[in-house]
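Residue-level listing of the chains:
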Amino acid sequence: MKTRSSKVRKSATRPASRKPLPARRPAKKKSRSAKVLQRTVYEGSCHCGAIEYSYATALPVHKWLVQRCQCSFCRGHGACTTADPAGEMQFRFVQPEFLRRYRFGLRTVDFLICKECGTLVAAVLLSRRGAQSMININSLRELPKRLPAGKPVHHDGESAEERRTRRARSWTPVSGPV
């Protein structure tokens, strides 16, 4: 049986370098300092480790938008989700034969479920802007401290297009295979 270890790592994304200021400018002007965007990477997986992911975000945990969808599927899986449109998501399919993509209702996204252990890991939307995802926080290897309580949300009454647009705007971009 594979044990789960906690992995959290920091990475820095620096803005593009600027041209140096000309020497003839007065020394009294303050130069704008480039802010370094610190991202924290959170590791997650299904229970058996067949589906793994890395979720990178610069948002401090206490500012995560944590949601508990009230549809029967999400309630049945105990899903508590988050996403960051400025973040990055990467999936690793350690045992791809255990990946189950499930669609229901309006069929706008693939819910990634492990066939072996039954864990709902994430949902993925494929759009013109590429792939975007949200994670099930309960599949993180270690729950972060200061995690906000999940806010119950209802998306009843949305059309398929409204649902795709909302998700494309608020979910995390995926890099790599989906």
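The coordinates are above.
Reading the values: the criteria
Residues numbered from 1 in each chain as written. Predicted model: local features only at pLDDT ≥ 70, side-chain atom pairs only at ≥ 80, totals over all residues. Heavy atoms only, no water. Helix = DSSP H or I, 4+ residues; strand = E, 2+ residues; numbered from the N terminus. Contact = heavy atoms within 4.5 Å. Areas by Shrake-Rupley, 256 points an atom, 1.4 Å probe, with all protein chains shown as cover. Core = buried A, V, L, I, M, F, W, Y, C linked by side-chain atoms within 4.5 Å. Buried < 20%, exposed > 50% of the residue type's maximum accessible area, 1.4 Å probe, protein only. 1 Å grid on protein atoms, 1.4 Å probe; cavity = no way out; pocket = protein on both sides within 12 Å on 5 of 7 lines; lining within 4 Å. Points joined across faces, edges and corners; volume = space filled by probe spheres on them. Nonpolar A, V, L, I, M, F, W, Y, C, P; charged D, E, K, R; others polar.

Trainee: Break down the overall build of the protein for me, citing the residues and quoting the values.
Mentor: Helix and strand content of the protein: two helices and twelve strands. N-terminal to C-terminal, the α/β element order of the protein is β-β-β-β-α-β-β-β-β-β-β-β-α-β. Within the protein, contacts between residues separated by at least 24 positions form 67% of all contacts whose residues are at least 6 apart in sequence. In the form shown here, the protein has an accessible surface area of approximately 11300 Å², with 51% of it arising from carbon and sulfur atoms.

Trainee: Explain unusual backbone geometry residue by residue, including any values.
Mentor: Look at R107: it is not a glycine, yet its phi comes out positive at around 60 degrees. Following the sequence through the fold, R107 ends up in the loop between β7 (99-102) and β8 (110-114).

Trainee: Can you explain the nonpolar core? Please cite residues and give values.
Mentor: Grouped together as the largest cluster of nonpolar side chains are 24 residues, with contacts concentrated most on I51, Y53, Y55, W64, M89, F91 and L140. Every element with two or more residues in this core is listed here: β3 (51-57), β6 (88-93), β8, β9 (120-127) and β10 (130-136). Not counting residues up to four positions away in its chain, the partners in contact with W64 are Y42, Y55, T57, L59, T82, I137, L140, P144, L147 and P148. Listed in part, the 15 residues of the second largest apolar core include A83, A123, A168 and W171.

Trainee: Outline helix α2 (residues 160-170), supporting the account with residue identities and numerical values.
Mentor: Taken together, the buried positions of α2 are R163, R166, R167 and A168. Elements in contact with the buried residues of α2: β9 and β10.

Trainee: Describe in detail the layout of surface pockets, supporting the description with residues and values.
Mentor: Here the idea is plain: a probe the size of a water molecule rolls over the atoms and shows the empty space left. Taken as a whole, the largest pocket holds about 540 Å³ of empty space. Every residue lining the largest pocket is counted, 28 residues in all, and those nearest its centre are C69, H155, R166, R167 and W171. At the level of elements, β4 (67-69), β5 (81-82) and α2 are the ones that each hand at least two residues to the lining of the largest pocket. Ranked by residues supplied to the lining of the largest pocket, first place goes to α2 with four residues. Counted by class, the lining of the largest pocket contains 14 nonpolar, nine polar and five charged residues.

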